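Topology and contacts: notes
Here are the chains, one letter per residue:
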Amino acid sequence: MNQPTIAFVGTGNMARAILEGLLSDDYPSASIWATRRQVELLSDLAEQGVNTSSDNQTAVAAADVVVISVKPQMMRETLQGLAPALQARQPLIISVAAGIDAAALERWAGGDLAVIRSMPNTPSLLKRGACGLYANDRVTDRQRETAEQIMNAVGITLWCENESGIDQVIAISGSGPAYFFLMMEKMIEAGMALGMDACSARKLTLQTALGAAEMAKQTGIEPAELRRRVTSPGGTTEQAILSFERDQLGETVERAMTACRDRAVEMTTQLCKE
Ligand SMILES: NC(=O)c1ccc[n+]([C@@H]2O[C@H](COP(=O)([O-])OP(=O)(O)OC[C@H]3O[C@@H](n4cnc5c(N)ncnc54)[C@H](OP(=O)(O)O)[C@@H]3O)[C@@H](O)[C@H]2O)c1
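As the structure is a prediction and not an experimental result, all values here were calculated from the model. (Residues numbered from 1 in each chain as written. Predicted model: local features only at pLDDT ≥ 70, side-chain atom pairs only at ≥ 80, totals over all residues. Heavy atoms only, no water.)

1. Concerning the overall build of the protein
A count of helical and extended segments in the protein gives 12 helices and 8 strands. For the protein, the spread of C-alpha atoms along the principal axes amounts to about 70 × 40 × 35 Å. For the protein, buried positions account for 41% of its 274 residues. Pairs at least 24 residues apart make up 60% of the contacts formed inside the protein by residues separated by at least 6 positions. For the protein, the exposed surface amounts to about 15300 Å²; the carbon and sulfur share of it is 55%. (Helix = DSSP H or I, 4+ residues; strand = E, 2+ residues; numbered from the N terminus. Buried < 20%, exposed > 50% of the residue type's maximum accessible area, 1.4 Å probe, protein only. Contact = heavy atoms within 4.5 Å. Areas by Shrake-Rupley, 256 points an atom, 1.4 Å probe, with all protein chains shown as cover.)

Shown next as structure tokens:
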């Protein structure tokens, strides 16, 4: 079966990660278009057989799927400029932009189009991404499968039934890498405060973060149970956990994620006004 032709409009960091993931999954390069204004920065992709261009219209005219990955602030102008081409071609539109809802995407593209909102995260750059997806009513089952195939090239995907689910995804996995980086940062600082050198504290912290994530993922055991198993009564870990609980870590995390979700809602309201 022929693979759908995919056009990446705005091939920066995120689009490039997805595109390279597809190439490494043997997606045919001739079925991929990539655009950006500084097209010379896509020469390595052109060498691999990807169609590159600074002209979004040409790419859209060839596409079954348009992955639009310009910055959120550029989204309205870019889609409105492409509306005639999108209306003529009627491709599936997949947006990776934070803060732009499906209704605004569809409206700016001229209306009556299949639109999927996706919310990937930065570990997608290492094929370890976690991505939420939301489809409007016009998206067919086949198009859902295509969107999954595209985003699965850089990690795992999860469908949200309601669009508000995307704001929850932002609070969990979209912004989540930063929470873990913060935890690592604080553990390194605390290790140094205990007298360890920075290099050793960093090495131990990173390997511990990686090991804990792999254990949780590979065993499938709930994190709470894994934690209980390493927390012997009267032992050392227990003292650390009790200290976190006294300082209300659970409430702190919930407040932080609620603030993140609220900002996503606020940004959507601001960016999608017209
Ligand atoms: N990076 C992440 O971790 C992440 C995570 C989740 C979601 N996202 C979303 O992904 C989108 C892109 O983010 P990014 O980090 O990849 O940004 P980026 O690296 O700046 O990529 C945006 C690209 O768009 C191109 N561009 C700008 N205007 C254009 C136009 N009119 N036509 C064609 N190309 C145009 C830019 O290249 P030229 O200047 O050469 O045109 C640039 O390469 C954003 O909407 C963001 O919300 C990113």
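2. Brief notes about unusual backbone geometry
Here Asp26, not a glycine, exhibits a phi torsion of approximately 65°, which is positive. With respect to the element layout, Asp26 can be found in the loop between α1 (13–24) and β2 (32–35). Its identity is not glycine, yet Lys127 carries a phi of approximately 60°, on the positive side. The exposure class of Lys127 is partly exposed, given its relative accessible area of 36%.

3. Re the site of the ligand
Around the ligand lies a shell of 20 residues, among which Met14, Arg36, Arg37, Val70 and Thr122 are the nearest. Measuring from an oxygen atom of the ligand, one finds a backbone N or O atom of Asn13 at 2.9 Å. Protein coverage of the free-state accessible area of the ligand, which is 870 Å², stands at 82%. Sorting the residues of the shell around the ligand by element identifies α1 and α4 (72–89) as the ones contributing at least two each. (Near = heavy atom within 4 Å. Polar contact = N/O pair within 3.5 Å; in protein donor to acceptor, adjacent residues only side chain to side chain.)

4. A word on the packing of aromatic side chains
What the rule picks out here adds up to 0 aromatic pairs. Arg144 extends its terminal NZ or CZ atom over the ring of Trp159, reaching a point 4.5 Å from the ring centre. (Phe/Tyr/Trp six-rings, centres within 6.5 Å; stacked < 30°, edge-to-face > 60°. Lys NZ or Arg CZ within 6 Å of the ring centre and 35° of its normal.)

5. Section: the sheet that holds strand β7 (residues 129–135)
An order of β3-β2-β1-β4-β5-β6-β7-β8 is seen for the 8 strands of this open sheet, with the pairing classed as mixed. A strand with exactly one partner marks an edge of an open sheet, and here the two such strands are β3 (51–53) and β8 (155–159). Direction aside, neighbouring strands of the sheet carry axes that sit 20° apart on average. Relative to β8, β7 runs parallel, the two being bridged by 5 bridges. Each bridged residue has a counterpart across the sheet, and for Gly132 the counterpart in β8 is Leu158. (Pairing = 2+ DSSP bridges. Axes fitted to C-alpha atoms, helices over the stretch in contact; angles between N-to-C directions.)

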